[in-house]
Number of protein chains: 2
Amino acid sequence: MEEAKLTLLLDDRSGLPIYTQIVNQIQSQLVNGILKPGDQLPTVRAMAQELRVNFNTVARAYRILDEERIISTQQGRGTFITEIPPPEVSVRLRYESLSALTQRFINEAFRLGFSEREVSQMVRDNLKSMKEAIITDSE
Amino acid sequence: MEEAKLTLLLDDRSGLPIYTQIVNQIQSQLVNGILKPGDQLPTVRAMAQELRVNFNTVARAYRILDEERIISTQQGRGTFITEIPPPEVSVRLRYESLSALTQRFINEAFRLGFSEREVSQMVRDNLKSMKEAIITDSE
DNA sequence: CTTTTATTGTACTAATTGTATCATTGTAAC
DNA sequence: GTTACAATGATACAATTAGTACAATAAAAG
């Protein structure tokens, strides 16, 4: 949950653009557990200097990862790893991921003084209105 | 009517700037009665140290809350929760507070590819096991 | 009571971060 | 060779946070 050292290796012979290599390597480091949710990535400029590339190239990689919801970039603050991506992860990991997310949510709600009834009611209402919104959108 | 301990939790994954997180949480704690009218908030420097952020970040949050008339900041004295807001405002704020928290949770869960069924099931399970834990603790 | 000191929030500026836009470069297709 | 396009670089910008000096109030010292 801290800032990662994050050593990436660029390969000129790979034929892949730099930003793609950065995307791939961050993805694999996440899958391998080298990067974990909450970790802060190096700033675009720091990583750019490390890799001797323009910081916009790193920014491009970060933007792609952000669009894939793998990281969360925040102007003025930095970039952070979000949750485990859904793809091919095992059923167990998937379950644990949702469980952790739910526990954080419920703990927060309780900490703020909301009751069990209020929480479950609000979840129901939100899910319901979200479903209706989807139906409306597709008309 | 005394100074609050006021434990706030910052979350890097939330995507929200620190000052916004502080604003949201103080609002929530107010509408849930954790903070009461007249309560003194920690000084900007004390809270900053607690959260390991710059005190100007806390000051920014306090300034926003001050503009919303939720708190009253007084140079040289401190910051205090203002006197009773109209009850219907309080109720509305309370609802909106939980609604916003819930929406963030559900959006995140959907983003991770979980279905509506999975989400509501997980919420039920978590609430249930939490209730049992409380019962067990009190034996 | 007056003066001094400490504590508190404020104002302004600087530094750090990601973003947006356009220019340059290189490569492939024609 | 020209053109088209993708990748990268340069520059300016915006958002957030940090640093510094200051003003108002309270508390302490005398």
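Definitions and cut-offs
Residues numbered from 1 in each chain as written. Chains lettered and ligands numbered in written order. Predicted model: local features only at pLDDT ≥ 70, side-chain atom pairs only at ≥ 80, totals over all residues. Heavy atoms only, no water. Helix = DSSP H or I, 4+ residues; strand = E, 2+ residues; numbered from the N terminus. Buried < 20%, exposed > 50% of the residue type's maximum accessible area, 1.4 Å probe, protein only. Contact = heavy atoms within 4.5 Å. Buried area = accessible area lost by both parts, 1.4 Å probe. Salt bridge = Lys/Arg side-chain N within 4 Å of Asp/Glu carboxyl O. Polar contact = N/O pair within 3.5 Å; in protein donor to acceptor, adjacent residues only side chain to side chain. Nonpolar A, V, L, I, M, F, W, Y, C, P; charged D, E, K, R; others polar. Phe/Tyr/Trp six-rings, centres within 6.5 Å; stacked < 30°, edge-to-face > 60°. Lys NZ or Arg CZ within 6 Å of the ring centre and 35° of its normal. Near = heavy atom within 4 Å. Pairing = 2+ DSSP bridges. Axes fitted to C-alpha atoms, helices over the stretch in contact; angles between N-to-C directions. Parallel < 35°, antiparallel > 145°, perpendicular 65-115°, else oblique. Left-handed = near helix turned anticlockwise from the far one by under 90°. Core = buried A, V, L, I, M, F, W, Y, C linked by side-chain atoms within 4.5 Å.

## Some thoughts on the overall build of chain A
Part 1 of the reasoning: When you go through chain A residue by residue, the secondary structure sums to five helices and three strands.
Part 2 of the reasoning: Going residue by residue from the N terminus, the α and β elements of chain A occur as α-β-α-α-β-β-α-α.
Part 3 of the reasoning: Expressed as a percentage of its 139 residues, the buried residues of chain A come to 38%.
Part 4 of the reasoning: Across chain A, every contact between residues at least 6 apart in sequence was considered, and the portion connecting residues at least 24 apart equals 50%.

## Side note on the interface of chain B and chain A
Part 1 of the reasoning: In this complex, chain B contributes 43 residues to the contact, which on the side of chain A involves 42 residues.
Part 2 of the reasoning: Taking both sides of the interface into account, the surface hidden between chain B and chain A amounts to around 4,200 Å²; carbon and sulfur atoms contribute 67%.
Part 3 of the reasoning: For the pair chain B and chain A, the interface holds three salt bridges.
Part 4 of the reasoning: Between the two partners, chain B and chain A, sit six residue pairs in polar contact (both at pLDDT 80 or more).
Part 5 of the reasoning: For the side of chain B that touches chain A, the secondary-structure elements that each account for two or more residues are helix 1 (18–31), helix 4 (87–111) and helix 5 (116–137) of chain B.
Part 6 of the reasoning: Considering each element in turn, the side of chain B that touches chain A owes the most residues, 15 residues, to helix 4 of chain B.
Part 7 of the reasoning: Its residues placed into classes, the side of chain B that touches chain A shows 20 nonpolar, 15 polar and eight charged.

## With respect to the pattern of salt bridges
Part 1 of the reasoning: In total, this model carries 10 salt bridges over all chains according to the counting rule given.
Part 2 of the reasoning: Residue A:Glu118 is joined to B:Arg94 by a salt bridge in which the shortest nitrogen-to-oxygen separation is 2.4 Å. A residue pair is termed interchain when its members come from two chains, as with A:Glu118 in helix 5 (residues 116–137) and B:Arg94 in helix 4.

## Quick word on the packing of aromatic side chains
Part 1 of the reasoning: One pass over the structure, following the stated rule, counts one aromatic pair over all chains.
Part 2 of the reasoning: Geometrically, the ring pair formed by A:Phe105 and B:Phe105 is stacked, given 4.3 Å between the ring centres and 0° between the ring planes. Of this pair, A:Phe105 sits in helix 4 (residues 91–111) while B:Phe105 sits in helix 4, on two different chains.
Part 3 of the reasoning: The class for A:Phe105 is buried, based on a relative accessible area of 5%.
Part 4 of the reasoning: In this structure, B:Arg45 packs its charged tip against the face of B:Phe55, placed 4.5 Å from the ring centre.
Part 5 of the reasoning: One cation-aromatic arrangement involves B:Arg60 over B:Tyr19; the distance from NZ or CZ to the ring centre is 3.7 Å.

## As for the protein's contact with DNA strand C
Part 1 of the reasoning: Contacts to DNA strand C come from 24 residues, most closely from A:Val44, A:Arg45, A:Asn56, B:Val44 and B:Arg45.
Part 2 of the reasoning: Interatomic distance of 2.7 Å between a side-chain N/O atom of A:Asn56 and a base nitrogen of DNA strand C.
Part 3 of the reasoning: B:Gly76 places a main-chain nitrogen or oxygen 3.1 Å from a base oxygen of DNA strand C.
Part 4 of the reasoning: Those elements that place two or more of their residues in the surface near DNA strand C are helix 2 (44–51), helix 3 (55–67), strand 2 (71–74) and strand 3 (78–81) of chain A together with helix 2 (44–51), helix 3 (55–67), strand 2 (71–74) and strand 3 (78–81) of chain B.
Part 5 of the reasoning: By residue class, the composition of the surface near DNA strand C is four nonpolar, 16 polar and four charged.

## Topic: the sheet that holds strand 3 of chain B
All names here are of chain B.
Part 1 of the reasoning: Taken together, three strands build an open sheet; the order of strands is 1-3-2 and the sheet is antiparallel. The outermost strands of the open sheet, each flanked by one partner alone, are strand 1 (40–41) and strand 2.
Part 2 of the reasoning: With two bridges joining them, strand 1 and strand 3 adopt antiparallel strand pairing. Residue pairing across strands places Gln40 opposite Phe80, the latter belonging to strand 3.
Part 3 of the reasoning: Packed on one face of the sheet, helix 3 meets strand 1, strand 2 and strand 3 and runs near 120° to strand 2.

## Details of the sheet that holds strand 1 (residues 40–41) of chain A
All names here are of chain A.
Part 1 of the reasoning: Spatially, 1-3-2 is the arrangement adopted by the three strands of the open sheet, whose pairing is antiparallel. Single-partner strands in this sheet number two, and they are strand 1 and strand 2.
Part 2 of the reasoning: Strand contacts of helix 3: strand 1, strand 2 and strand 3, with the helix running at about 120° to strand 2, the strand carrying the most contacts.

## Some thoughts on the packing of helix 1 of chain B against helix 3 of chain B
Residues and elements named next belong to chain B.
Part 1 of the reasoning: Direction vectors running N to C along helix 1 and helix 3 enclose 50°, while the axes themselves pass 8 Å from each other. As judged from the angle between their axes, helix 1 and helix 3 are oblique. As helix 1 runs across helix 3, the sense of the crossing is right-handed. Across the interface between the two elements, Ile18, Tyr19, Ile22, Val23, Ile26 and Gln27 of helix 1 pack against Thr57, Val58, Arg60, Ala61, Tyr62, Ile64 and Leu65 of helix 3.
Part 2 of the reasoning: Counted by class, the contact of helix 1 with helix 3 contains 10 nonpolar, two polar and one charged residues.

## Quick word on the nonpolar core
Part 1 of the reasoning: A:Phe105, A:Val119, A:Val123, B:Phe105, B:Val119 and B:Val123 are the most contacted members of the largest nonpolar core, which totals 24 residues.
Part 2 of the reasoning: Elements that contribute at least two residues to this core include exactly helix 4 and helix 5 of chain A together with helix 4 and helix 5 of chain B.
Part 3 of the reasoning: Filtering out sequence-adjacent residues up to four positions away, A:Phe105 remains in contact with A:Val119, A:Val123, B:Leu101, B:Thr102 and B:Phe105.
Part 4 of the reasoning: Counting 21 residues, the second-largest nonpolar core is a separate cluster that includes B:Ile18, B:Val44, B:Ala48 and B:Val58.

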